[in-house]
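Inside the fold
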Amino acid sequence: MSHLNDKVPEKIGRITELAYNLWWSWTPEARGLFRRLDYPLWRKTLHNPVQMLQEISPAKLQEAAQDSIFIRQYNKVMMLFDETMKNRGTWFHQTYPELGDKTIGYFSFEFGLHSSLPIYSGGLGILSGDHAKEASDLGLPFVGVGFMYPQGYFRQRLPSHGWQEAVYHQLDISQAPVLPMLDGNGHEMRVSVNLAGRPVHARIWHVRVGRNPLFLLDTDVDENEPWDRELSARLYAGDSETRIRQEIMLGIGGVRALRALGINPSVWHMNEGHSAFLTLEGIREQVSQGKSFEEAVTIVKKQSVFTTHTPVPAGHDAFGFHLVEQYFNGYWDELGISRERFLSLGGHEEEWGMAFNMTVLALNLSGQSNGVSELHGKVSREMWQEVWPSKTADEVPISSITNGVHVSTWVAGEVHNIFDKYLGPSWLDEQDNPAIWQRLAEVPDGEMWEVHLALKRKLMSFLRERVRRRWVSGGNDPTQVLTSGTLLDPEALTIGFARRFATYKRATLIFRDLQRLQNILLDTHRPVQIIFAGKSHPADEPGKSLIQHIYNLAKHNQLGGRIAFIEDYDMHMARYLTQGVDVWLNNPRRPREASGTSGMKAAINGIPNLSILDGWWAEGYNGANGWAIGDEREFDNHDIQDEFDANAIYQLLEEEIVPLYYDRDRDGIPRGWVEIMRESMRSCTPMFGTRRMIKEYTTNLYVKAMLAGETELA
Ligand SMILES: *Cc1c(COP(=O)(O)O)cnc(C)c1O
């Protein structure tokens, strides 16, 4: 930050501080300030103000410092910033004034906060990022703990054969919104864990997420052996040994990092099982202070909250006992228990034999556990019943809190303006109150439709600009230009499908009956097109072949340019897609989609969902805010299920969606369609925002853990 301070004129000196607090990213006024500073550079840096302030010419900065309109805007933003940081009058402080001195430690393997900090791979990371942002908005005493991955998650390249290639870029950390934590002597702080007999050290990066900090561990430091330096280089790119080492660093190293920083949470929230070793470290601390193992477990359980995220068995980390022994040999002595007792804490029968399962460990040592939608809660209770042999599935203590999305992050500026205009200036504060959303009835159809068309044009030009840049930079052949959306028709009904390419999400389902799809897409008067995007895990060969399959169809002239596959899906692209397509498609194999969140992003922007009744949509669909594919039936035979669901999609498109979309009145407005858009916003925004979600986490889980801790002290 200091290297920038010299360059920035005093009059706008605090703009650097603003760039280093991701608060700017969800505050329209602050985004507007950076955009105004240097628009071409703002676009070139993909909205990265830290990089922008590095690259901007001193002359431009001087110019801004002398521009009275800029200065006025700057002062207004800084005032808003200071008011926010004072942290007064927030929901948490008003509701729980007596709990202001508590802290929630939230641990996650990934955080999707902004594309300038690529330390996420998909929905799990976006959820953590949104969770952290909303915790700030509501004034929760909250700290996040995660990893800095200097090579991040990979960038996806699709060569002309369509087989995904993973490209890793070294992140220029000086261009990311992170600063190292320093000790009292101005030296970088270190935290260490013992990994199979050798200490491994990590630096702690500080990310400012509004009012709260997020700390990221990074093992790329001089004191480490080369192999250990690489430990946190990449997200999900190692074998199971790398993974257990990472998880020890996150769980145990993360606890030590907070202690070193003088932060002592009363709630420890594990977002997914990756960080579950933190419970062991908590027990070790208690035992070292003289508690018995049993007493220590009781204390740790009261303070621990665990959220499970997947009903897919292979999605839960499990390590062979030999690996666990290699890394925890001796540690169980410190807990005061035997090897057998230790292994039993995570013991679980996997398809390949007995192993140490991180979800089982987390469930065993957390007082409160939850799934991420009602349906997922139910599935999780059945799935993990064996952890409570004396209980029936219904009695298993796994509750559910349905996911949400951070509204100010995901709502388009144009839609934000509509809300300002028709819902009143305090809509953001009251966003989880369904009553205020009734006022959407006052938005004229024409205005709603105009805003949507503007966002659709923005999406189309975003896609073209990406292709054009790739084309100019050389190295891609003409077919790639064609498959990347250049043939899309800005007027045609546009379906979006973008997410990780895990096989259960059935990305190719809509191609099951090619002839029937072709008829839908190529209709001369009522054309339809589909935009796909998404990465597959680098080791997921079936996932990659789904991408290739769609890529080849996109190339096929028989589909006439009505299919596009956009490479390198990320948060930046997700915003354009979930704001600018006409329909959001999701067709997972029920009940594998624990929640799903991309459809919520679409819904709040008035983009109706066309989705299987799985995850959040089983709760969100109300008959008037989009479409349900099939019913809630689950067939044991996958082929029959696919046939049934694909048919349902075709039928909905042919009989309802396409006719409604193209049914225009004299003014060219599809009145029936606009009604569905309005209903989508009205019904989904109050329910599927992180506002409702964080209030539930706080009231149902965090506060209980905080109060349980108090009785412990007494
Ligand atoms: C929202 C989001 C996701 C989650 O999408 P689902 O359809 O819920 O799986 C994944 N990746 C990115 C980049 C996102 O923005």
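Our structure's up above, just so we're on the same page.
Residues numbered from 1 in each chain as written. Predicted model: local features only at pLDDT ≥ 70, side-chain atom pairs only at ≥ 80, totals over all residues. Heavy atoms only, no water.

1. Overview of the overall build of the chain
Regarding its fold elements, the chain presents 30 helices and 21 strands. The principal-axis extent of the C-alpha atoms belonging to the chain is close to 80 × 70 × 55 Å. Relative to all contacts within the chain whose residues are 6 or more apart in sequence, the contacts with residues 24 or more apart total 73%. Across the chain, 73 positive and 91 negative side-chain charges occur, with their mean positions spaced 5 Å apart. (Helix = DSSP H or I, 4+ residues; strand = E, 2+ residues; numbered from the N terminus. Contact = heavy atoms within 4.5 Å. Lys, Arg positive; Asp, Glu negative; His and termini not counted. Charge placed at Lys NZ, Arg CZ, Asp CG, Glu CD.)

2. Let's talk about the pattern of salt bridges
Tallying each qualifying case throughout the model produces 52 salt bridges. It is possible to trace a salt-bridge network through shared partners that takes in Asp-445, Asp-665, Asp-667, Arg-671, Glu-675 and Arg-678. (Salt bridge = Lys/Arg side-chain N within 4 Å of Asp/Glu carboxyl O.)

3. Some thoughts on the pairing of strand S17 (residues 528-533)
A large share of S17 lies buried, amounting to 6 of its 6 residues. Side chains Val-528, Ile-530 and Phe-532 of S17 all project onto a buried face; the interleaved residues Gln-529, Ile-531 and Ala-533 project onto the opposite face, where all are buried too. For the crossover from strand S16 (residues 493-498) across helix H23 (residues 514-521) to S17, the handedness is right-handed. In this structure, S17 lies alongside strand S18 (residues 563-566), joined through 4 bridges in parallel fashion. Opposite Ala-533, over in S18, you have Ile-566 as the bridge partner. (Buried < 20%, exposed > 50% of the residue type's maximum accessible area, 1.4 Å probe, protein only. Right-handed = clockwise from strand over helix to strand, strands pointing away. Pairing = 2+ DSSP bridges.)

4. Examining the sheet that holds strand S12 (residues 347-350)
Reading across from one edge, S11-S13-S12 is the order of the 3 strands in this open sheet, with antiparallel pairing throughout. On the outer flanks of this sheet lie strand S11 (318-319) and S12, each paired with one strand and no other. Set on the sheet, helix H17 (residues 358-365) makes contact with S11, S12 and strand S13 (353-357); between it and S13 the angle comes to about 55°. (Axes fitted to C-alpha atoms, helices over the stretch in contact; angles between N-to-C directions.)

5. A closer look at the sheet that holds S16
One open sheet accounts for 6 strands, arranged S18-S17-S16-S19-S20-S21; its pairing is parallel. In this open sheet, the two strands that pair with only one neighbour each are S18 and strand S21 (626-629). Across this sheet, the average inter-strand angle for adjacent strands is 20°, counted without regard to direction. As judged from the 4 bridges shared by strand S20 (residues 609-612) and S21, these two strands associate in the parallel manner. When the sheet's bridge partners are listed, Leu-610 is paired in S21 with Trp-627.

6. Some details on the nonpolar core
Core analysis: the largest hydrophobic core is formed by 136 residues, its most contacted members being Leu-18, Leu-140, Phe-277, Leu-280, Phe-328 and Phe-342. Setting aside residues up to four positions removed in sequence, Phe-342 forms contacts with Leu-280, Val-324, Phe-328, Tyr-331, Trp-332, Leu-335, Ile-337 and Phe-356. Of all hydrophobic cores here, the second largest spans 97 residues; its members include Ala-412, Val-415, Ile-520 and Ile-563. (Core = buried A, V, L, I, M, F, W, Y, C linked by side-chain atoms within 4.5 Å.)

7. Some details on the environment of Val-305
Residue placement: Val-305 occurs in strand S10 (residues 304-307). Once the C-alpha coordinates of Val-305 and Ala-355 are considered, the two residues, 50 residues apart in sequence, prove to be 23 Å apart. In this view, Val-305 contacts Val-267, Trp-268, His-269, Met-270, Ser-366, Gln-368 and Leu-701; residues no more than four positions away in its chain are not counted.

8. Concerning the packing of helix H21 (residues 445-472) against helix H29 (residues 671-684)
For the pair H21 and H29, the least separation of the axes is 10 Å and the interaxial angle reads 80°. Here H21 is positioned roughly perpendicular relative to H29, judged by the angle of their axes. Listed contacts from H29 to Asp-445, Met-448, Trp-449 and His-452 of H21 are Arg-671, Trp-673, Val-674, Glu-675, Met-677, Arg-678 and Met-681. Grouping the amino acids of the contact of H21 with H29 by side-chain chemistry returns 6 nonpolar, 1 polar and 4 charged. (Parallel < 35°, antiparallel > 145°, perpendicular 65-115°, else oblique. Nonpolar A, V, L, I, M, F, W, Y, C, P; charged D, E, K, R; others polar.)

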